[in-house]
Amino acid sequence: MKHNNFEFDTYFKNYPDKDGFFGKYGGSYITEDLKKAMDEITEAYFTICKSSRFIGELRRIRKEFQGRPTPISYLERLSKSLGNVQLYVKREDLNHTGAHKLNHCMGEALLAKYMGKKKVIAETGAGQHGVALATAAAYFGLECDIYMGAVDIKKQAPNVARMKILGANVVEVTDGLATLKEAVDAAFAAYSRDYKDSIYCIGSVVGPHPFPMMVRDFQSVVGIEAREQFLEMTGELPDAVVACVGGGSNAMGMFSGFLNDPVDIYGIEPLGRGTALGDHAASLKYGTEGVMHGFNSIMLKDENGEPAPVYSVASGLDYPSSGPEHAFLHDLGRVKYDVINDDETIDAFFSLSRMEGIIPAIESAHAVAYGIKLAKQMGRGSVLINLSGRGDKDMDYIIEKYGIR
Ligand SMILES: *Cc1c(COP(=O)(O)O)cnc(C)c1O
């Protein structure tokens, strides 16, 4: 069907195009060496991942190892407290390891196995992607090198321990500020040296082609399941769908199930402490077009045009850009991108915990907060929220910073 005069019937056939572009966004702005490696992955993706053997194996793994399909839960007490809008959550917190990231990591690692690679390489900031990839590597018997800034290693001790227990090699990066940006550079450099035996596994719908497409496709299981489940539960489609956007993988997974439907779609970015540069990570709302980490998108820049420092209470959302497909859907007007600040997020974190018995990841609490806001505005109808992960990882921080409410 058409939205704003743009035809979505053939959307997945046409986007991205063969060079990885969603309109003017995406592509691959990388060195020739890396380009060769990425072309190999693209080729393998279209031959291997589209084969019935691969699809069959991934389906079995999702069911028997990950625990998919994850359910949809109706938030009865929270909905009633807000009026006549029905709120539902897609329970990616119940996916093995407690978040959606394992969906694309299992796909990427299975591809690595089919390609005969021995090792998976990635960077991690807060450690969530590292843990998901280390899990996938352990399952498939692959080596796993996770590059992580020294500062982040100190901050994220439980995730570092999880990665090590799972058998991953955590490589400490001490260059520059020793955080995510330096870890990305170090991981890419290691991959350029070693791409014959290894594969780089990006943690969201970002980076050079084919990753925004590949990660979206692996995550689309979330939206496909959710659409079927919602129809079965209620006989209708939801009026609105909501997901938080960092790099944008959980959101693209959910949204891809509903792009061609008469459903309003909302991507929620973190407004953090406020609108000043450095106090938030709302790149689609406040950013401009630009290239970073090998792809063209909408990004937050400092005065030199470099990726700006960003902040959010949710470490999984503090990235100065978003996937190119989000930039495209933003410009098309198909998805409305809006913001939720730290305080609204923490309120929603406690509301969902107290009224429904579900402790959300702080990232996911941004989407819950927006669902609550929408419920108050809409008056009636239904909202489906992607609960991208569980909040166990955030509990110590919340209690230390905000106390028990
Ligand atoms: C990493 C993470 C996110 C943000 O990543 P996206 O690619 O934007 O989905 C959101 N929620 C949880 C629980 C995460 O771990």
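Structure first, text after, so check above.
Reference entry: report on the structure contained in this document. What you see is a predicted model; the values in this text were computed from it and never measured.

1. Details of the site of the ligand
If you check the shell around the ligand, you find 17 residues, and the closest are Lys101, Ser204, Gly248, Ser249 and Ser388. Note that an oxygen atom of the ligand is positioned 2.6 Å from one of the side-chain N or O atoms of Ser204. Within the side chain of Ser249, a nitrogen or oxygen atom sits 2.7 Å from an oxygen atom of the ligand. About the coverage of the ligand: the protein hides 97% of its 380 Å² of free accessible area. Class assignment for the residues of the shell around the ligand results in 4 nonpolar, 11 polar and 2 charged.

2. What about the environment of Gly257?
Here Gly257 lies in the loop between α11 (249-255) and β12 (264-272). Each C-alpha atom, one on Gly257 and one on Phe188, is 32 Å from the other, the two residues being 69 residues apart in sequence. Contacts of Gly257, omitting those with residues within four sequence positions, involve Gly223, Ile224 and Arg227.

3. Quick word on the side chain of His104
Along the polypeptide, His104 turns up in helix α5 (residues 101-114). Among the polar contacts made by the side chain of His104, one reaches the side chain of Gln219 at a distance of 2.8 Å. Not counting residues within four places of it along the chain, the set of residues in contact with His104 comprises His129, Ile202, Gly203, Ser204, Val215, Phe218, Gln219 and Ser249.

Basis of the calculations
The written sequence of each chain sets the order in which its residues are numbered from 1. Where totals are concerned, whole chains, interfaces and linings use all residues; where local detail is concerned, this predicted model gives features only for residues with pLDDT of at least 70, and gives and counts side-chain atom pairs only at 80 or more. Working from all heavy atoms in the structure, the side-chain values ignore hydrogens and water. What makes a residue near a molecule or strand is one non-hydrogen atom of that residue sitting within 4 Å of it. Any pair of N or O atoms that falls within 3.5 Å is considered a polar contact. Within protein, one atom must be able to donate a hydrogen and the other to accept it, and sequence-neighbouring residues count only if both atoms are side-chain atoms. Computed with the Shrake-Rupley method and a 1.4 Å probe, the accessible areas treat only the protein chains shown as cover for residues. Amino acid classes used here: Ala, Val, Leu, Ile, Met, Phe, Trp, Tyr, Cys and Pro are nonpolar; Asp, Glu, Lys and Arg are charged; the rest, including Gly, are polar. Helix and strand definitions follow DSSP, with helices as H or I runs of at least four residues and strands as E runs of at least two, each counted in order from the N terminus. Two residues form a contact once any of their heavy atoms are found within 4.5 Å.

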